[in-house]
Amino acid sequence: MRVVIAGAGAVGRSVAQELIDNGHSVLLIDKSPASIRADAVPDAQWLLADACELSSLEEAQLESCDVVIASTGDDKANLVISLLAKTEFAVPRTVGRVNHPSNEWLFSESWGVDVSVSTPRIMSALVEEAVTVGDLVRLFTFRQSNTNLVELTMPADSPFIGKRVSEVPWPDDVILVAILRDNAIETPDADRSLESGDELLFVTPEDAEDHLGELLSPKH
């Protein structure tokens, strides 16, 4: 997979290295010469250019990439980059970094953003997740499909402790995607049992979240 990352700061470089480690091809773009640090991610391609300029994106050959990640520290720039990638180059997948929570509502399909990543939201969600058992915590929003990635830690008094995944009457359109247990990721096979303290990750429409919480946690 070919990925173009606009913004070669600490965030962009970290994402680039992770993607390269997973076998993907990455191009980093930044308009600041100080950010062009090829030694930091030696296996990446680098381009000194303004990713908000159409000519720069043409030079980066965006039409041949699978994903564009707009990860600059400027929300306006991230929106422009996402919009150009989607409308001018038909990039299949765009990811936009949200720096300021008040701008989160802008990162939508109308601005060409398929997935928005809000660092403040993720941090607050992780804090909630660390202190809450039995409550749904929204981790991520998929704008294009109006669904969310949510987490719930199974409380000890859940009626489904010890039950198999296939025995739970999951709400319509809710998909259990992973079970985190003992520092490992378990696949949610039909015969796998649920245990107290399991962290369950779901993809779910927003209107099914309350039903899901009521089902798994009796305090709801």
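Report on the accompanying structure. (Residues numbered from 1 in each chain as written. Predicted model: local features only at pLDDT ≥ 70, side-chain atom pairs only at ≥ 80, totals over all residues. Heavy atoms only, no water.)

**With respect to helix α5 (residues 209–216)**
Let me state the cut-off plainly: Residue exposure (1.4 Å probe, protein chains only): buried if accessible area is under 20% of the type maximum, exposed if over 50%, otherwise partly exposed. Every helix listed is a DSSP run of H or I at least four residues long, and every strand listed is a run of E at least two residues long, numbered separately from the N terminus. Within this analysis, the arc is defined by the directions that extend from the helix axis to the C-beta atoms. Residue contacts are counted whenever heavy atoms from the two residues lie within 4.5 Å of one another.
Among the residues of α5, those classed as buried are Glu-209, Leu-212, Gly-213, Leu-215 and Leu-216. One side of α5 carries all its buried residues, which in axial view fall inside an arc of 160°. Looking at the buried side of α5, the elements it contacts are β7 (137–142), β8 (147–153) and β11 (199–205).

**Describing the nonpolar core**
Rules: We call a set of buried Ala, Val, Leu, Ile, Met, Phe, Trp, Tyr and Cys residues a nonpolar core when their side-chain atoms join them within 4.5 Å.
Residues Val-3, Ile-5, Val-26, Leu-28, Val-41 and Ile-69 are the most contacted members of the largest nonpolar core, which totals 21 residues. Counting residues per element, the ones that place at least two in this core are β1 (2–6), α1 (10–21), β2 (25–30), β4 (67–70) and β7. Among all residues touching Val-26, those that are not within four sequence positions of it are Val-3, Ile-5, Ala-16, Leu-19, Ile-20, Ala-44 and Gln-45. Of all hydrophobic cores here, the second largest spans 18 residues; its members include Val-4, Ala-51, Cys-65 and Leu-84.

**Some points on the environment of Ser-25**
Along the chain, Ser-25 turns up in strand β2. Classification of Ser-25 as partly exposed rests on a relative accessible area of 35%. As for Ser-25 and Lys-76, which are separated by 51 residues in sequence, their C-alpha atoms are 26 Å apart. With near-sequence residues (within four places) excluded, Ser-25 lies in contact with Met-1, Arg-2, Val-3 and Gln-45.

**Digging into the sheet that holds strand β9 (residues 175–181)**
Our working definition: We call two strands paired when DSSP finds no fewer than two bridges between them. The angle between two axes is taken between their N-to-C directions and runs from 0 to 180 degrees, where each axis is a line fitted to C-alpha atoms and a helix contributes only its stretch in contact.
Judged by pairing direction, the sheet is mixed, and its eleven strands sit side by side in the order β3-β2-β1-β4-β5-β6-β7-β8-β11-β9-β10 without closing on themselves. Each edge of the open sheet carries a strand with a single partner, namely β3 (45–48) and β10 (184–186). With strand direction ignored, the average angle separating the axes of adjacent strands in the sheet is 20°. Sheet contacts for helix α3 (residues 75–89): β1, β4 and β5 (93–98); angle to β5, the most-contacted strand, approximately 175°.

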